[in-house]
Amino acid sequence: MIEEARYFETELAVIGSGIAGCAASIFALNKKITTAQVGNTGAVAYTTGYLDLLGKLEGDKGAIDNPWDAITALKDRCPDHPLNGISAADIRAAFNEFTAFLGECGIAYSSPGDSNITALSPAGTLKKTLCVPATMAAGPKAFAAKTACVIVDFKGLKGFSGKQVVANLHKQWPTLKAERIVFPEMLSGEIYPEVMARALEVEKTREALAESIKAVAGNAKVIGLPAVLGMHNPDFIKTELERLTGFEIFEIPTMPPSVPGIRLRELFEQVFPEKGIILIPQQKVSSLTFDDDSATLSLTDNHGPITIKAKAVILATGRFLSGGLEAHITGINESLLNLPVTQPAKRDDWYFEQYTDSRGHAIHKAGIEIDDSFRPIGEDGRPYHERLFAAGIILAHQDWIRSRSGAGIAIATAYKAVEAVDNFLHA
Amino acid sequence: MSDQKTTTLNFKELAMELLPEGASFEACLTCGLCSSGCPASGLENMDPRKFIRMALLGMDEELSTTPWIWCCTQCKRCQHVCPMNIDISQLVFIARGNWPQEKKPSGIVRSCELIRSTDSTSAMGLPPEDFIFVVDDVLKEVRETQTGFEKLEAPMDKPGTHFFVNQNSREPMSEPDEMVPLWKIFDMVGADWTYSSKGWAAENFCMFSGDDDAWYKVIKTRVDAVNKLGCKVWLNTECGHSYYTMWNGIHKFNMDVNFKLESLVTYYAQWIREGKLPVNSDWNVNNIKFTVQDPCMIVRKAYGDSIADDMRFVVKKLVGEENFIDMQPNRSANYCCGGGGGFLQAGMTDHRRAYGKRKFDQIAATKAAYVLTPCHNCHSQMEDIGHFYGGDYGVVHFWTLICLSLGILGENERTYLGPDLLALLD
Ligand SMILES: Cc1cc2nc3c(=O)[nH]c(=O)nc-3n(C[C@H](O)[C@H](O)[C@H](O)COP(=O)(O)OP(=O)(O)OC[C@H]3O[C@@H](n4cnc5c(N)ncnc54)[C@H](O)[C@@H]3O)c2cc1C
Ligand code: SF4
Ligand code: SF4
Ligand code: SF4
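Parameters at a glance
Here, residues in each chain are numbered from 1, in the same order as that chain's written sequence. Naming scheme: in the order in which they are written, chains are lettered from A and ligands are numbered from 1. Where local features are concerned, this predicted model is filtered to residues with pLDDT of at least 70; where side-chain atom pairs are given and counted, the filter is 80 or more; whole-chain, interface and lining totals use all residues. Only heavy atoms go into the side-chain values, all of them from the structure, while hydrogens and water stay out. Numbering of helices and strands starts at the N terminus; helices are DSSP runs of H or I of at least 4 residues and strands are runs of E of at least 2. Here the radius of gyration uses the C-alpha set of atoms, whereas the globule reference equals 2.2 Å times the residue count to the power 0.38. Relative accessibility under 20% of the residue-type maximum defines a buried residue, over 50% an exposed one, and the middle range a partly exposed one, all with a 1.4 Å probe and only protein chains included. By definition in these notes, contact holds between two residues if any of their heavy atoms fall within 4.5 Å. Only the protein chains shown count as cover for residues, and all accessible areas are computed by the Shrake-Rupley method using a 1.4 Å probe. Positive charge is attributed to Lys and Arg, negative charge to Asp and Glu, and no charge count is given to His or to the chain ends. Where a charge lies is defined by one atom per residue type, namely NZ (Lys), CZ (Arg), CG (Asp) and CD (Glu). If a single non-hydrogen atom of a residue is within 4 Å of a molecule or strand, that residue counts as near it. Following the grouping adopted for this structure description, the nonpolar residues are Ala, Val, Leu, Ile, Met, Phe, Trp, Tyr, Cys and Pro, the charged ones are Asp, Glu, Lys and Arg, and the polar ones are all others, Gly among them. Throughout, the edges of the domains are those of an automatic or database domain assignment. Note on definitions: buried area is the accessible-area loss of two parts on being combined, 1.4 Å probe, summed for both. Salt bridge, as used here, is a side-chain nitrogen of Lys or Arg placed within 4 Å of a carboxyl oxygen of Asp or Glu. Here a polar contact is recorded for every N or O atom pair within 3.5 Å, except that within protein the pair must consist of a potential hydrogen donor and a potential acceptor, and residues adjacent in sequence are included only if both atoms are side-chain atoms. pLDDT is a per-residue confidence score from the predictor, ranging from 0 to 100. Here, a strand pair is defined by DSSP locating no fewer than two bridges between the strands. Axis definition: a line fit to C-alpha positions, over the contact stretch in the case of helices; interaxial angles, taken between N-to-C directions, run 0 to 180 degrees.

**What about the overall build of chain B?**
Right, so step 1: Tallying secondary structure elements over chain B gives 20 helices and 7 strands in all.
Right, so step 2: By the compact-globule yardstick of 22 Å for 426 residues, chain B fits well, its C-alpha radius of gyration being 21 Å.
Right, so step 3: Burial status across chain B gives 65% buried among its 426 residues.
Right, so step 4: In chain B, the proportion of contacts linking residues at least 24 apart, taken out of those at least 6 apart, comes to 77%.
Right, so step 5: Summing over all exposed atoms, chain B offers an accessible surface of approximately 15,200 Å²; the carbon and sulfur share of this is 48%.
Right, so step 6: Counting 42 positive and 55 negative side-chain charges, chain B places the averaged centre of each group 4 Å from the other.

Next up, the structure:
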């Protein structure tokens, strides 16, 4: 059959559509760098919606109230941590730019503050994070003020239980209660937050839900709901539901697959092409080669082969879950260019015996090395190529899960990588 | 009912053979994104994640017999949202093929049989000579009754033309006047085109019955017809699955063809860009709102977002940028309407409508008065769920609105216009 291969030329190609890849595209867009982005959405769809910078210091028991102070401490504790090379001002600027973009595109976020926010987890435990979606902001406030509140959950919804939230919080928040209701027109079977969120984009569903909420609200002033307040216009849906019920309302994230992550993914997929980014979603780059004046990415989507030529490339392919790193019997390797991976000397050292060992597992710090300009280091100890940069959790020397710093590492390193690309392209 | 037993398949083994490395079922994280985003979840107590888990656990007998496979429209949305790119629609296809013919939904089987009953490949069994007659008859009438179209053409079996144009059977069979707007569009842009008396039909339900052999034969008839006439482009009409079954079939069966496969939508966009179709939205004085349905068969499963973007370009030109409201989610992430995969033919009405509730909510959220879609199946399903769930939107073809905008929509070509649009034409 006669087929046409598709060909694109850009200044920057971003490989990976996790938070790091998407953040890199946003920063590049703001710098007017023409960009193509390829990649499966990876972990974005799993996030709670909270953007963590630093919630814990390795080895410490308690959570971090002030992440900016803690970053200073990080320099002693984990000298090679990728956040160490980045100034607090840059990190703040990166978060500001990222959240401002989300806000302009329809999901309002709080700006990075001087201290962490104490936010509610799906189970009703507390966690420290830097920025929260506006739909969730009233929760931490109500918790701090101990306002009379009802957590409403739904028959058939798994992964979120009002009773559990109350059980975990009632000591600190005595006026907290839980109620279970039926979601409009979803009387039986398992129901998914995603489906509820989409149904709430319809006015009639909102009106029906508002009535059911009012019926169980009692003397509450604030209502907590699982995160289901619409998919692509959550701030509007929240305002509407507040108008219809007369109560202040906030969302609590649910267990994955959860709405806040899907919201982000759909926002990026919707907005990036509108803003001129060439987005090739849900595909993986199969080869990346360099010559003197450009890099060439090859991939195939449903419709056939695609070639992208770019002046610079940011590798943001994540770790094992997303396929940026691969674990083999012989060791861990980087999957696209076979870049050297800093890793434990032998497989036996990957994990401590106990999965819950408080020291964390060495494998969770494996990753690639970069120089000061965010260029990955090759076999010979020098930058692999002047056109190659890297960002996100593929970088070595950090355990983002234990330090509650997933989005922080992704956003801050993407910011610096794009800055380096800009310098390189426009020097 | 026959007492033929359904063979039990080994799904795990089949998956191993089918799926490329890195997309195997064993990579499944059990995260549930697929099920959360699949409108067939919960029907027959099944969902895509469960299907995969059961395959890995070797629950082959249950999977070999579950009627859920006829509720999965093979829309591949699950794969689109899966971080590991796992595609369960391929297993559903195999499971369908494995059902004894007598147990398969008779509507799908019957449609496939009819397709193969004549050289037309028409699912309504319309033979070549009847197709020739209807086209001729309608053409004569238009020439006689519509000013400006005295020389309108609808070429049949004309060799060497640029375009080979296919045609859904529904029009010649039950609403022949609906063929005319497209002829007028071709006339206006000066397209070099032909119909064919063989292999002309657009629909292809053989793929949905899971019958590889029948699917191949239908495609073969169509490929031969194009090759025989020596056309350069097989131009697919406003229909989703006819494109997909042809395009995917040619790849799957490694067929040798020396023409291109294209979709009408891309040409609408091109002709508008080139100024050959001078459409505009001046007629929409009351700012009537429109949304658009992305057929998964041409968007997510084939072209990707490029054709979806073409569709939006065309719609905005036709109705005015401010009068277009996108459904959410859209383009490659769009929900299947629930009419595809043979669902409309399968007779499982309650299930099909439950599936379609997602689509209904999407449309309702836009508050649009009309949905435009270049797909016959989508069209029928959205009309049906609209009536069923009490929606008050209409569904229109692109060709209707293009001709409306150009002021050349004949009186018999207005079936899908509601009073608000009809009022503008008087
Ligand atoms: C369940 C879960 C919950 C989380 N919750 C939170 C939270 O509440 N707060 C928070 O701050 N962080 C959270 N995170 C972490 C956050 O999502 C990650 O820190 C962040 O996504 C890491 O970003 P990344 O872009 O570097 O990597 P990833 O998200 O892993 O993305 C890597 C991307 O690269 C792509 N890729 C890989 N190989 C290729 C290739 N060859 N070609 C093209 N693309 C490729 C993948 O498809 C993927 O899109 C959570 C993560 C998970 C898994
Ligand atoms: S989305 Fe993919 S990884 Fe997640 S449960 Fe479904 S198939 Fe498994
Ligand atoms: S192909 Fe479509 S209908 Fe079938 S399981 Fe996947 S998402 Fe559901
Ligand atoms: S009917 Fe339309 S939406 Fe449904 S499967 Fe076919 S093309 Fe997709």
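**Focus on the site of ligand 3**
Right, so step 1: Taken together, Cys38, Pro48, Trp68, Cys72, Thr73, Gln74, Cys75, Lys76, Arg77, Cys78, Ile88 and Tyr355 of chain B make up the full set of residues adjacent to ligand 3.
Right, so step 2: Residue composition of the shell around ligand 3, by class: 8 nonpolar, 2 polar and 2 charged.

**Examining the domain arrangement of chain A**
All names here are of chain A.
Right, so step 1: By the assigned domains, chain A splits into domain 1 (6–106 + 262–425) and domain 2 (123–254).
Right, so step 2: For domain 1 versus domain 2, the distance between C-alpha centres works out to 33 Å.
Right, so step 3: Interface area, domain 1 with domain 2, both sides summed: about 1,600 Å², of which 56% is carbon and sulfur.
Right, so step 4: When residues of domain 1 are sorted by the area they lose upon contact with domain 2, Tyr50, Gly106 and Arg263 head the list and together hold 42% of the total.
Right, so step 5: For the pair domain 1 and domain 2, the number of links is 4 salt bridges.

**Brief notes about the interface of chain B and chain A**
Right, so step 1: Between chain B and chain A, the contact holds 43 residues from the first and 32 residues from the second.
Right, so step 2: Surface buried jointly by chain B and chain A totals about 3,200 Å² across both partners, of which 50% is contributed by carbon and sulfur atoms.
Right, so step 3: When residues of chain B are sorted by the area they lose upon contact with chain A, Leu33, Ser36 and Gln328 of chain B head the list and together hold 18% of the total.
Right, so step 4: Taken together, the links from chain B to chain A amount to 4 salt bridges.
Right, so step 5: Residues arginine 77 of chain B and glutamate 194 of chain A are paired through a salt bridge, measuring 3.8 Å at the closest nitrogen-oxygen approach.
Right, so step 6: The interface formed by chain B and chain A contains 12 residue pairs in polar contact (both at pLDDT 80 or more).

**Section: the confidence of the model for chain B**
Right, so step 1: Residues with a pLDDT of 70 or more make up 98% of chain B, whose mean pLDDT is 94.
Right, so step 2: Across the assembled chains, the prediction reports ipTM 0.92 with pTM 0.94.

**Structural notes on the pairing of strand E2 (residues 35–39) of chain A**
Residue and element names in this part refer to chain A.
Right, so step 1: For E2, the buried fraction is high: 5 of the 5 residues fall into the buried class.
Right, so step 2: The pairing of strand E1 (residues 6–15) with E2 spans 4 bridges and is parallel. Paired with alanine 13 across the bridge in E2 is alanine 36.
Right, so step 3: Strand direction decides the pairing type here: E2 and strand E9 (residues 278–281), joined by 4 bridges, are parallel. Paired with valine 38 across the strands is isoleucine 280, a residue of E9.

**Overview of the site of ligand 1**
Residues and elements named next belong to chain A.
Right, so step 1: Around ligand 1, a shell composed of 33 residues is seen, among which Asn40, Thr48, Val285, Ser322 and Ile393 lie nearest.
Right, so step 2: Within the backbone of isoleucine 19, an N or O atom sits 3.2 Å from an oxygen atom of ligand 1.
Right, so step 3: At 2.7 Å from a nitrogen atom of ligand 1 is found a main-chain nitrogen or oxygen belonging to valine 285.
Right, so step 4: Burial of ligand 1 by the protein amounts to 91% of the accessible area it has alone, namely 980 Å².
Right, so step 5: At the level of secondary structure, the elements contributing two or more residues to the shell around ligand 1 comprise helix H1 (19–30), E2 and helix H10 (406–426).
Right, so step 6: Tallying contributions element by element places H10 first for the shell around ligand 1, with 3 residues.

**Quick look at the sheet that holds strand E7 (residues 394–396) of chain B**
Residue and element names in this part refer to chain B.
Right, so step 1: Overall, parallel pairing links the 3 strands, which are arranged E5-E6-E7 in an open sheet. At either end of the open sheet lies a strand with only one pairing partner, and these are strand E5 (290–292) and E7. Going from strand to strand, the sheet's axes swing by 30 degrees on average, the running direction of each strand aside.
Right, so step 2: The pairing of strand E6 (residues 370–372) with E7 spans 3 bridges and is classified as parallel. Within E7, the position partnered with valine 371 by the bridge is valine 395.

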